[in-house]
Amino acid sequence: MSFYWYENDHGLLDGEKMAMAKFFPAFKLYKLEDGSGRIYWRGKVQPTGKGGMVWDLMLIYKNDHPQSEGFGGSIQILPVKPRLKDIAKQLPIDNDKGLGLGLPHIYRDNFGRNEEYFICTADPKYFKASQTRSTSAASSLSWACKWILLCEMWLNGEISDDVAREGVY
């Protein structure tokens, strides 16, 4: 038995490929070159349409996919460009607290030798991980597109901090 989920469950991998081909055909599947054996999808989206930012994203499977532990589940969404760290550095400082306002619904994790900011696309209680159903890269990417749309609206002042942070859209 292999350590990698995609070698042990060909049906799950085939399902992932079919869903991505149907909903996000521009995304391509690769394997990280860091020796971890992890696979990922990479492609670009522009959820706000013409005039909005083009986001270059990596959808990285953890080796225990499909599992529900931790925010984002076992599929991590890493914006390569723009980098969330760079966006966060440009946010205003709350003078009363000396803190940045912070990007809503992100989490930090190590990627290679660097700490990166990932889009949180799933609360562990909503991530599906069973023999018959699991949260896919396509569904995680759909949530990431919603997050990007709301993030851009928030950064442009079109929605309030409360709406962006509370996730009541």
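Overview of the structure. Keep in mind it's a predicted model, so treat the numbers as computed, not measured.

Rules used in this analysis
- Residues numbered from 1 in each chain as written.
- Predicted model: local features only at pLDDT ≥ 70, side-chain atom pairs only at ≥ 80, totals over all residues.
- Heavy atoms only, no water.
- Axes fitted to C-alpha atoms, helices over the stretch in contact; angles between N-to-C directions.
- Helix = DSSP H or I, 4+ residues; strand = E, 2+ residues; numbered from the N terminus.
- Parallel < 35°, antiparallel > 145°, perpendicular 65-115°, else oblique.
- Contact = heavy atoms within 4.5 Å.
- Nonpolar A, V, L, I, M, F, W, Y, C, P; charged D, E, K, R; others polar.
- Buried < 20%, exposed > 50% of the residue type's maximum accessible area, 1.4 Å probe, protein only.
- Expected span 1.5 Å × (residues − 1).
- Pairing = 2+ DSSP bridges.
- Core = buried A, V, L, I, M, F, W, Y, C linked by side-chain atoms within 4.5 Å.

Brief notes about the packing of helix 2 (residues 10-23) against helix 4 (residues 137-155)
Here comes step 1: At a minimum axis separation of 8 Å, helix 2 and helix 4 run at an interaxial angle of 40 degrees. Between helix 2 and helix 4, the angle falls in the class oblique. Contact residues: Glu16, Ala19, Met20 and Phe23 in helix 2; Ala137, Ala138 and Leu141 in helix 4.
Here comes step 2: Its residues assigned to classes, the contact of helix 2 with helix 4 shows six nonpolar, no polar and one charged.

Some words on the environment of Leu149
Here comes step 1: Along the chain, Leu149 turns up in helix 4.
Here comes step 2: Overall, Leu149 belongs to the partly exposed group, its relative accessible area being 33%.
Here comes step 3: Separated by 97 residues in the primary sequence, Leu149 and Gly52 place their C-alpha atoms 8.8 Å from one another.
Here comes step 4: Filtering out sequence-adjacent residues up to four positions away, Leu149 remains in contact with Pro47 and Thr48.

Some details on helix 4
Here comes step 1: For helix 4, built from 19 residues, the straight-helix expectation of 27 Å at 1.5 Å per residue is met to within 8% by its first-to-last C-alpha distance of 26 Å.
Here comes step 2: Within two residues after helix 4, Gly157 carries a phi angle of roughly 75 degrees, on the positive side.

Structural notes on the pairing of strand 7 (residues 106-111)
Here comes step 1: With six bridges connecting them, strand 7 and strand 8 (residues 114-119) associate as antiparallel partners. Looking across to strand 8, one finds that Ile106 is bridged to Ile119.
Here comes step 2: Between strand 7 and strand 8, which pair antiparallel in sequence order, lie two residues; one of them, Gly112, sits at a positive phi of approximately 65 degrees.

Notes on the nonpolar core
Here comes step 1: Among the nonpolar cores identified, the biggest contains 35 residues, and Met20, Phe27, Leu57, Leu59 and Leu141 are the most heavily contacted of them.
Here comes step 2: Among the elements that make up this core, the one with the highest residue count is helix 4 (ten residues).
Here comes step 3: Apart from the residues lying within four places of it in its own chain, the contact partners of Leu57 are Phe27, Trp41, Arg42, Gly43, Val45, Ile77, Leu78, Pro79, Leu141 and Ile148.

Here's the deal with the pairing of strand 4 (residues 75-81)
A regular strand places its side chains on the two faces of the sheet in alternate fashion.
Here comes step 1: In terms of burial, strand 4 is largely enclosed, as five of its seven residues are buried.
Here comes step 2: In this sheet, strand 4 lies alongside strand 3 (residues 55-61) in antiparallel orientation, the contact comprising six bridges. From the neighbouring strand, Leu59 faces strand 4, where its bridge partner is Ile77.

A word on the side chain of Ser136
Here comes step 1: Tracing the chain through its elements places Ser136 in the loop between strand 8 and helix 4.
Here comes step 2: Filtering out sequence-adjacent residues up to four positions away, Ser136 remains in contact with Glu16 and Ile75.

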